[in-house]
Amino acid sequence: MASFLHICLLSALCLLACCYGIELSLNRQPPTRKSCGVLTCEETIDTSLSNTTYDEQADSVAVLRSVSRVSVFRKASTGSSGIANDNPDVLIGSISSEAPSLTRVADGRKIDGLLETGRVTMRVELGKQNDCEAVFTCQVRGLDPQGREVVRTTILVQQPVQEEDGDALVPVMPPQLLASLQQLISQSMGGLEKSMQDQIGQLHEDLKNRSDSFESRMENNILNLQKEFDDRSNTFEKRISTKLAQFRSGSKRDFKDSLETTGLRLFEEQREVLGNVSESLERALNDTSHMLYSLESSLELLSARDETTLVAVKNDTKIIREILASGEINARCVANDTSFDLSEVTTCSKGMNDDQETMYAPYIKTFDATLGREVLCDTSTDDGGWIVVQRRATGDVDFYRNWEDYKRGFGDFSGDFWLGNDAIHNLTNAYPHELRIDMRAQDKDIFSQYTSFKIEDESDNYRLRLGSYFGTAGEQSNFGLSYHNNFEFSTFDRDNDAYSGNCASNNHGAWWYRSCLQSNLNGRWGFKDKTGVSINVGLFNLYPTFTEMKVRRI
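Residues numbered from 1 in each chain as written. Predicted model: local features only at pLDDT ≥ 70, side-chain atom pairs only at ≥ 80, totals over all residues. Heavy atoms only, no water.

## Notes on the nonpolar core
If you look at the biggest cluster of nonpolar residues, it comprises 47 residues, and the most contacted ones within it are Trp 418, Leu 435, Leu 481, Trp 512 and Met 549. The element contributing the most residues to this core is strand S17 (residues 433–441), with 4 residues. Every residue in contact with Trp 512, bar those within four places of it in the chain, is listed here: Trp 418, Ile 455, Tyr 462, Arg 463, Leu 464, Leu 481, His 484, Phe 487, Glu 488, Phe 489 and Met 549. Ranked by size, the runner-up nonpolar core spans 27 residues in total, among them Cys 41, Val 72, Leu 102 and Cys 132. (Core = buried A, V, L, I, M, F, W, Y, C linked by side-chain atoms within 4.5 Å. Buried < 20%, exposed > 50% of the residue type's maximum accessible area, 1.4 Å probe, protein only. Helix = DSSP H or I, 4+ residues; strand = E, 2+ residues; numbered from the N terminus. Contact = heavy atoms within 4.5 Å.)

## A few points about the packing of aromatic side chains
This structure, assessed with the given rule, holds 13 aromatic pairs. Between Phe 399 and Phe 410, the aromatic rings sit 5.0 Å apart at their centres with planes inclined by 80°, giving edge-to-face as the arrangement. You can see Phe 399 sitting in the loop between strand S14 (386–392) and helix H6 (403–408) and its partner Phe 410 sitting in strand S15 (residues 410–411), a full 11 residues away along the chain. An angle of 65° between the planes, with centres 6.4 Å apart, marks the rings of Trp 403 and Phe 489 as edge-to-face. Within this pair, whereas Trp 403 is found in helix H6, its partner Phe 489 is found in the loop between strand S21 (469–471) and helix H8 (503–506), the two being separated by 86 residues in sequence. Neither Trp 403 nor Phe 489 differs from the other in exposure class; each is buried. Among the aromatic side chains, those forming a connected cluster through ring pairs are Phe 399, Trp 403, Tyr 406, Phe 410, Trp 418, Tyr 462, Phe 489, Trp 511 and Trp 512. (Phe/Tyr/Trp six-rings, centres within 6.5 Å; stacked < 30°, edge-to-face > 60°.)

## Notes on the side chain of Asp 368
As for its placement among the helices and strands, Asp 368 is situated in strand S12 (residues 363–368). Buried and without a salt bridge, Asp 368 has Arg 553 as its closest oppositely charged side chain, separated by 8.0 Å. Here the side chain of Asp 368 touches Thr 370 through a polar contact of 3.1 Å, landing on its backbone nitrogen. Here Asp 368 is in contact with Arg 373, Val 375, Ile 387 and Leu 427, once residues within four sequence places are set aside. (Lys, Arg positive; Asp, Glu negative; His and termini not counted. Salt bridge = Lys/Arg side-chain N within 4 Å of Asp/Glu carboxyl O. Polar contact = N/O pair within 3.5 Å; in protein donor to acceptor, adjacent residues only side chain to side chain.)

## Quick word on the sheet that holds strand S5 (residues 101–106)
With antiparallel pairing, 5 strands are arranged side by side in an open sheet as S1-S2-S7-S6-S5. This sheet does not close on itself; its edge strands, each paired only once, are strand S1 (22–27) and S5. Ignoring which end each strand starts from, the neighbouring axes of this sheet average 5° apart. The sheet contact formed by S1 and strand S2 (residues 37–44) spans 6 bridges and is antiparallel. Along S2, the bridge assignment pairs Ile 22 with Glu 43. (Pairing = 2+ DSSP bridges. Axes fitted to C-alpha atoms, helices over the stretch in contact; angles between N-to-C directions.)

## Side note on the sheet that holds strand S3 (residues 66–75)
With respect to topology, 4 strands assemble into an open sheet ordered S4-S3-S8-S9, the strand pairing being antiparallel. Edge positions in the sheet fall to strand S4 (90–96) and strand S9 (149–156), since each has one partner strand and no second. For this sheet, the mean angle separating the axes of adjacent strands, direction not counted, is 15°. Sheet topology places strand S8 (residues 135–143) next to S9; 8 bridges connect them, and they run antiparallel. When the bridges of S9 are listed, Arg 141 appears paired with Val 151.

## Considering the state of the cysteines
In total, this model carries 4 disulfides according to the counting rule given. Each disulfide pairs two cysteine sulfurs, and for Cys 36 the partner residue is Cys 132, the sulfurs being separated by 1.8 Å. Across the disulfide from Cys 36 to Cys 132, rotation about the S-S bond amounts to roughly 90°, and the bridge is consequently right-handed. Of the two residues, Cys 36 sits in the loop between S1 and S2 while Cys 132 sits in the loop between strand S7 (119–126) and S8, which places them 96 residues apart along the sequence. Using a relative accessible area of 0% as the deciding quantity, one classes Cys 132 as buried. Here Cys 41 connects covalently by a disulfide to Cys 138, the sulfurs 1.9 Å from one another. When the S-S torsion is -70°, as for the bridge of Cys 41 with Cys 138, the disulfide is left-handed. In this pair, Cys 41 is assigned in strand S2 and Cys 138 in strand S8, connecting sequence segments 97 residues apart. The pair formed by Cys 41 and Cys 138 is uniform in burial state, with each residue classed as buried. Disulfides within the chain link the bonded cysteines, taken in sequence order, as 1-3, 2-4, 5-6, 7-8. (Disulfide = S-S within 2.5 Å.)

## So, unusual backbone geometry
A cis amide bond links Ser 515 to the next residue, Cys 516, at an omega of 0°. In this fold, Cys 516 is placed in the loop between H8 and strand S22 (519–520). A positive phi is found at Gln 442, a non-glycine position, where the angle reads about 55°. Take Gln 442: it is sitting in the loop between S17 and strand S18 (444–450). The class for Gln 442 is exposed, based on a relative accessible area of 62%. Even without being glycine, His 508 reaches a positive phi, approximately 55°. As for its placement among the helices and strands, His 508 is situated in the loop between H8 and S22. Its relative accessible area of 24% is what places His 508 among the partly exposed residues.

## Details of the confidence of the model for the chain
Per-residue confidence for the chain averages 78 on the pLDDT scale, and 68% of its residues sit at or above 70. In the predicted structure, residues 56–61 sits below a pLDDT of 50 and forms 7 contacts with residues beyond four places in sequence or in another chain. (pLDDT = per-residue confidence, 0-100.)

## Overview of the environment of Phe 487
Counting through the fold element by element, Phe 487 comes out in the loop between S21 and H8. Taking the relative accessible area as the measure of exposure, Phe 487 reaches 22% and is therefore partly exposed. It is 8.4 Å that separates the C-alpha atoms of Phe 487 and Ala 498, two residues lying 11 residues apart in sequence. Setting aside its immediate chain neighbours within four residues, Phe 487 contacts Arg 463, Leu 464, Ala 498, Trp 512, Tyr 513 and Arg 514.

What follows is the structure, encoded as structure tokens:
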């Protein structure tokens, strides 16, 4: 009889835990000899519920969509009932959405708590015998699927036990508690049964509808793909045939004549520029730049038929470029010198891939006339034309550097790099520019874009000037990079922030710190805290595993 009652009581308690989601238990067989028991409070959260799917008839079940706080209290056990109603509750420990984890040892108790997606757990290892005879309460605060605040409490009472047949221990429970338990189980089972029937019916209907819809969409997609493939194949064949016909219509003599004319023009330009470098170097540079663009187009057409002569012309072009860049009058003019790559003369500008016959790789190195140096150009993102000024992708470069390093720039275009504050200032002050920050966070590609962007010169500590935000990162007002607008750049050896301490040193980075930060994209690689690569968009912090800052002329 005692075993039967024991089984019924355990079944009722299991049903109560299933209905409410809270489970409060005490294991009197602890993992170590130093403790008398382990108290565990667990709550399961159904984050998939919403106010549109929530069953109104299941209000008494109090399903939680989210949990904001979980607390465990203790009361001293007094009297034969084991319930100390007059004694105050003593908080043992708590976790919340603001502090979702807890590990602490105090007053003979080891406390571990974790609030994670779909579940919350509080575990207390009891080291004192009087704790194992006390009354414990687990309180959960959260929101139900309709957004209403719910407070649930479960009490664990250490009841006296009776021994029957020498081997079975039967908990003694007050009749009132048993009656309440029976009523609660009856109400919960009724609501649960109806809810399960409704949900099973809805699932069958949804499955049938989705299956029909999926089959129809797949058939349409297959037909569309076949049609698009046929159309593109025909177009491609026509374009290939046209190009081959145009190419074959010329003769070898035409190619040689064109090459000789181009070479004569090149050498004439060489002599003219070298003779007037001291008087008009800037004008000669501009004329030669246009000539190089024209020559590049001619060389691409000639490359398939006369490779040897083509290499010679490329080499002569490099000689001119080196002479003009160095300003030396006594320069080399050797026709067979080799090593110039004409791809460097491509302008990084919006719409550079609009020409279907000239398609660039997603990233190319090109020469920028404003900076007088090589830059990395993003040719594909949002119509292309972006000059990359910062990249964090592999963590192969240390970004915790001094003022001079950030002034000059560091890293390599093939990996992580910073273009340099002087270069960014010169670039963004020569013409109006916009800024885009591409990021990958939580396995998603997102971006923040700003309508205008520039930084002041070194005398104003490269102060940030930023326009309005738009994008997919979800940045709210006065968060993200917008929080740092109009503030000066700081490094660990040049503190220009508004904070009483040193933000760059405290956060292991270099940035336009305020007091101190809502973004830190030059922070420590791989650290998910305020010192790491991070951005706070308002509702939550992001820790990107890839960042790329780039500017484009407006």
